[in-house]
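Inside the fold
The chain contents come next:
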Amino acid sequence: MSNVVVVGAQWGDEGKGRVVDWLAEKADIVARYNGGHNAGHTLVVDGKTYKLALIPSGVVRGKLGVIGNGVAVDPEALLAEIARIAELGLQVTPEVLQIAETATLVLPIHRAIDAAQEQLRTGTTGSAIGTTLRGIGPAYEDKIGRRGLRICDLADPERLSAKLDLLLAHHNAWFRGLGLVPFEKGPMLEGLLQLAPQVLPFVGRVWETLDKAHTNKQRIVFEGSQAVMLDIDWGSYPYVTSSTTIAAGAASGTGIAPSHIGSVLGVSKVYATRVGGGPFVSELDDPLGEALRARGREYGVNTGRPRRCGWLDTVQLRQSIKVAGIDQLALTKLDVLDGFDDICICTGYELDGQRIDHIPANDAEQQRLKPLLKRFDAWKGSTQGLRSWNDLPAEAKALIGAIQAEAGIPVAMVTTGPERDDAIVLRSSF
Ligand code: GDP
Ligand code: IMO
Ligand code: MG
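Residues numbered from 1 in each chain as written. Chains lettered and ligands numbered in written order. Predicted model: local features only at pLDDT ≥ 70, side-chain atom pairs only at ≥ 80, totals over all residues. Heavy atoms only, no water.

**A word on the domain arrangement of the chain**
What the domain assignment lists for the chain is domain 1 (4-94 + 206-425) and domain 2 (106-201). The C-alpha centroid of domain 2 is placed 29 Å from the C-alpha centroid of domain 1. Contacts between the two partners involve 25 residues from domain 1, matched on the other side by 21 residues from domain 2. Approximately 1,900 Å² of surface area, both sides summed, lies buried where domain 1 meets domain 2, with 60% of it carried by carbon and sulfur atoms. Salt-bridge contacts for D74 lead to R111; the nearest nitrogen and oxygen are separated by 3.0 Å. In this structure, the connection of domain 1 to domain 2 is made through seven residue pairs in polar contact (both at pLDDT 80 or more). Counting only elements with at least two residues in the side of domain 1 that touches domain 2, the list comes to β6 (72-73) and α2 (75-87). Among the elements that line the side of domain 1 that touches domain 2, the one with the most residues is α2, at three residues. Residue composition of the side of domain 1 that touches domain 2, by class: nine nonpolar, 13 polar and three charged. (Domains from an automatic or database assignment. Contact = heavy atoms within 4.5 Å. Buried area = accessible area lost by both parts, 1.4 Å probe. Salt bridge = Lys/Arg side-chain N within 4 Å of Asp/Glu carboxyl O. Polar contact = N/O pair within 3.5 Å; in protein donor to acceptor, adjacent residues only side chain to side chain. Helix = DSSP H or I, 4+ residues; strand = E, 2+ residues; numbered from the N terminus. Nonpolar A, V, L, I, M, F, W, Y, C, P; charged D, E, K, R; others polar.)

This is the structure:
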């Protein structure tokens, strides 16, 4: 069995964590390659709910979790998460978690910059991105600006201190310019040196671990965070996150060779949600959207924000499949559509009276798109917890068939509830 990358095919929160958990049964390693604690991945196992942000979902099955160089790691958030998981009876030790020595550090100053940038943006453009305010974007900015701190710096107090000087010289000029209180080095350095002995035991050469695993024919699942439409290059810029979310990110974000990535499983809900600002052509700003939110419990795992809800958008899905290299789909949350009278999917866009089948690059044009909807017959009764294709109502089968035809790639799995085994597996290639 080949390695597999799991990628969100919409705007995030598709159920990637539970799909990774399912794949992890037959895997040896689960590797995160992008994002940070802006992610919230939920696993429900025998009634116990695990909400993971930085920790790879595979650790719940006792598999080795690795955090690659492409991840932005807030050491405080990491240790808090390890403590939270311990309360659920799961010990995350250096035997089950390895963090790349070159992963970027997220610091309290990044959270302050995140908040200030959102305010600036609102003041000038009238609309914020709606970030998670975790400091993820500013941490990646520092990485690209070549002044970022990395996990390995925690082992060298002198170099850490010098690097903080550069970081503060850069950011404090900006803080002062905006009339904001500048940061002081002393408490920052002290805080990091206090955290260092707890974090450093987890640090290692992730690229080497993965290379050895691959050579020894072990199987690696790469757990994407966020989603194609939040990708820095392929998402609805500027309403995106600051990392490479697509399958290509698995290579640059862990050190695995692109040729060792076997297949790419895209995860999509049978409807759509988005948190934060940005275009959402098939959004339902009405009682139907509210019903999706209520039935699907569409509130952010980390921030608790209500998610915007709408119909599945197959124009967006098709384009995401192409640019992310997705070759199979996992469709999640079918049970949420139980009891709806009308079910639609968006199969095309209208822009200024013309039909188009792609997402325009220009964000002003994106805002003017109108969805072309196709209606499907709803089903009676419940699909909740169904585990066999034969038990599905004919209308549900027709909807899944239509999504597969629109997507142009096979549906490998359909999920019918949040519990680990609430799923119908259609292809055994995993
Ligand atoms: P991720 O970020 O892609 O891992 O997804 P999240 O964990 O943020 O959001 C998915 C939410 O949907 C979680 O609360 C899951 O427990 C829940 N969920 C996942 N699959 C299903 C499903 O098939 N049915 C229902 N009702 N809930 C599901
Ligand atoms: P998972 O992995 C959904 C969104 C934010 C905001 C934009 C930028 O659970 O699917 P950021 O804090 O990253 O700078 O915010 O991206 N966002 C997510 N939306 N799921 C996520 O992660 C997200 N991570 C970031 O709401 O619109
Ligand atoms: Mg999530």
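Additional details are given in the paragraphs that follow.
**With respect to the site of ligand 2**
Neighbouring residues of ligand 2: 20 residues in total, closest K16, H41, T132, Q226 and T241. Between Q226 and ligand 2, the recorded distance is 2.8 Å, taken from a backbone N or O atom to an oxygen atom. In terms of residue class, the shell around ligand 2 is built from six nonpolar, 11 polar and three charged. Viewed by domain, the shell around ligand 2 spans two of them, domain 1 (4-94 + 206-425) and domain 2 (106-201), each represented by three or more residues. (Near = heavy atom within 4 Å.)

**Things to note about a nonpolar patch on the surface**
Taken together, the side chains of L120, L178 and L180 present a nonpolar region at the surface, about 220 Å² in accessible area. Tracing the chain through its elements places L120 in helix α3 (residues 108-125). Take L120: its relative accessible area is 38%, and that puts it in the partly exposed class. (Patch = residues over 30% accessible without salt bridge, like charges linked within 9 Å, V, L, I, M, F, W, Y side chains within 5 Å. Areas by Shrake-Rupley, 256 points an atom, 1.4 Å probe, with all protein chains shown as cover. Buried < 20%, exposed > 50% of the residue type's maximum accessible area, 1.4 Å probe, protein only.)

**Digging into the environment of Y237**
Position of Y237 relative to the elements: it lies in the loop between β10 (220-223) and α8 (248-252). You can call Y237 exposed: its relative accessible area is 51%. Between the alpha carbons of Y237 and I129 there is a distance of 9.7 Å; along the sequence they are 108 residues apart.

**Things to note about the environment of R308**
Here R308 lies in strand β13 (residues 308-313). Sequence spacing of R308 and F280 is 28 residues, and the spatial spacing of their C-alpha atoms is 8.6 Å. When near neighbours in sequence (up to four residues on either side) are disregarded, R308 contacts A272, T273, R274, G276, G277, G278, P279, F280, E283 and R293. Of note is the side chain of R308, whose polar atom sits 2.9 Å from the backbone oxygen of G278.

**Details of unusual backbone geometry**
For the peptide bond that leads from Y237 to P238, omega is 5 degrees, which places it in the cis range. When you line up the elements, P238 lands in the loop between β10 and α8. A positive phi angle, near 60 degrees, is found at D13, a position not held by glycine. Since its relative accessible area comes to 23%, D13 is described here as partly exposed. In this structure, K333 takes a positive phi of about 65 degrees despite not being glycine. Looking at the secondary structure, you find K333 in the loop between β14 (328-332) and β15 (342-351).

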